[in-house]
Amino acid sequence: MVYKKGLYFKFNPEIVDQPIVYRLVKDYDLVFNILRAVITPGKEGIMILELEGTPEKLREGLNYLREVGVEVKSLEQQIIKNEEKCIHCGNCTAACPTGALYVEKDTFYIRFNPEKCTACEFCVAVCITKAMEVHVEREVGSFT
């Protein structure tokens, strides 16, 4: 069985110029899709990507990343829907390209599936109450 997982990586300056993603492909047979990246030689790097592979290979690859000093977080930890601020207007569902934000048919409430989210931030731009919060660090530069 193959799994796909959205991940947030933070590289420290000592390893930012190493072929770490290449090692994930070659040594662990993982498929990757880079969604966003800011990598600057000699400085910290941030990368948001999807990794796909068997559960065993994903586990081994993530252990390798941690061993070489990459900070790894699940992408779901970085995106939050503040239920208290949400007025269920639906603007975000029209902007969401992955279907992570959707209308629940029975209640017409807006629901959020963080596993489908790619942190594109389109929902943040259209949310009139600022209910969608993205906690991706930006100290190494802007993603735009």
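What counts and how
For every chain, the first residue of the written sequence is number 1, and numbering continues from 1 along that sequence. Owing to the predicted nature of the model, reporting of local features is limited to residues with pLDDT of at least 70; listing and counting of side-chain atom pairs is limited to 80 or more, with chain, interface and lining totals taken over all residues. Hydrogens and water molecules were not included; the side-chain quantities draw on all heavy atoms of the structure. When DSSP locates at least two bridges between a pair of strands, those strands are taken to pair. Secondary structure elements follow DSSP: runs of H or I of four or more residues count as helices, runs of E of two or more count as strands, with numbering from the N terminus. The axes used here are C-alpha line fits, helices contributing only the stretch in contact, and every angle between their N-to-C directions lies in the interval 0 to 180 degrees. Whether two residues touch is decided by their heavy atoms; if any such pair falls within 4.5 Å, the residues are in contact. By convention, the crossing between two helices is left-handed when the near helix turns anticlockwise from the far helix through less than a right angle, and right-handed when the turn is clockwise. Exposure is judged per residue with a 1.4 Å probe applied to protein chains only, and the accessible area is read against the type maximum: over 50% gives exposed, under 20% gives buried, and values in between give partly exposed. Here, the arc refers to the directions that run from the helix axis to the C-beta atoms. Take a side-chain nitrogen of Lys or Arg and a carboxyl oxygen of Asp or Glu: if they are within 4 Å of each other, that pair is a salt bridge. The predictor attaches a confidence to each residue, called pLDDT, with possible values from 0 through 100. Any pair of nitrogen or oxygen atoms within 3.5 Å is treated as a polar contact; in protein, a donor-acceptor pairing is required on top of that, and neighbouring residues in sequence qualify only through side-chain atoms on both sides.

**Student:** Provide a residue-level description of the sheet that holds strand S3 (residues 45-53), including the pertinent values.
**Tutor:** Across the sheet, which stays open at both edges, the 4 strands sit in the order S2-S3-S1-S4 with antiparallel pairing between neighbours. In the strand order of this sheet, the two ends are held by strand S2 (31-39) and strand S4 (71-74), each with one partner. Going across the sheet, the axis of each strand differs from the next one's by a mean of 20 degrees, ignoring polarity. Sheet topology places strand S1 (residues 3-11) next to S4; 4 bridges connect them, and they run antiparallel. Bridge pairing in S4 links Phe9 to Val72. Where helix H2 (residues 55-68) meets the sheet, it contacts S1, S3 and S4, and its direction lies at approximately 160 degrees from that of S3.

**Student:** Just give me the short version of the packing of helix H1 (residues 20-28) against H2, but keep the residues and values in it.
**Tutor:** Relative to each other, H1 and H2 sit at 145 degrees, their axes nearing to 10 Å. The handedness of the crossing between H1 and H2 comes out as right-handed. Packed against H1, whose contacting residues are Ile20, Arg23, Leu24, Asp27 and Tyr28, the element H2 presents Lys57, Glu60, Gly61, Tyr64, Leu65 and Val68 at the interface.

**Student:** Run through H1, naming residues and quoting values.
**Tutor:** Owing to its 3.6 residues per turn, the α-helix aligns residues three or four sequence positions apart on the same side. Every buried residue of H1 is accounted for by Ile20, Val21, Leu24 and Tyr28. Looking straight down H1, one finds its buried side chains confined to an arc of 115 degrees; they lie on one side. Those residues of H1 hidden inside the fold are in contact with S1, S2, S3 and H2. Asp29 sits one or two positions beyond H1 and adopts a positive phi of about 55 degrees.

**Student:** An account of the pattern of salt bridges is requested, with residue identities and associated values reported.
**Tutor:** By the definition in use, this model includes 8 salt bridges. Linking Arg36 and Glu121 is a salt bridge whose minimum nitrogen-to-oxygen distance equals 3.0 Å. In this pair, Arg36 sits in strand S2 while Glu121 sits in the loop between strand S7 (110-112) and helix H4 (122-126), placing the two residues 85 residues apart along the sequence. For Arg36, a relative accessible area of 18% puts it in the buried group. For Glu121, a relative accessible area of 21% gives the class partly exposed. A salt bridge links Lys57 to Glu60, with the shortest nitrogen-to-oxygen separation between them at 3.8 Å. Here Glu60 and Lys57 lie together in helix H2, a separation of 3 residues that amounts to about one turn.

**Student:** Before we move on, could you go through the confidence of the model for the protein and cite the residues and values that matter?
**Tutor:** Scored by pLDDT, the protein comes out at a mean of 85, with 92% of its residues at no less than 70. Taken element by element, the predicted model of the protein shows its lowest mean pLDDT in strand S8 (residues 132-134) (82) and its highest in strand S6 (residues 101-103) (95). Low pLDDT, under 50, characterises residues 138-144; the predicted model gives this stretch 17 contacts beyond four residues in sequence or across chains.

**Student:** Tell me about the side chain of Lys81, and please be specific about residues and values.
**Tutor:** Turning to its location among the elements, Lys81 is positioned in strand S5 (residues 79-81). Only 2.9 Å separates the side chain of Lys81 from the side chain of Glu83, close enough to count as a polar contact. Only 3.0 Å separates the side chain of Lys81 from the backbone oxygen of Ile110, close enough to count as a polar contact. Not counting chain neighbours up to four residues away, the residues in contact with Lys81 comprise Cys86, His88, Leu101, Ile110, Phe112, Ala131 and Met132.

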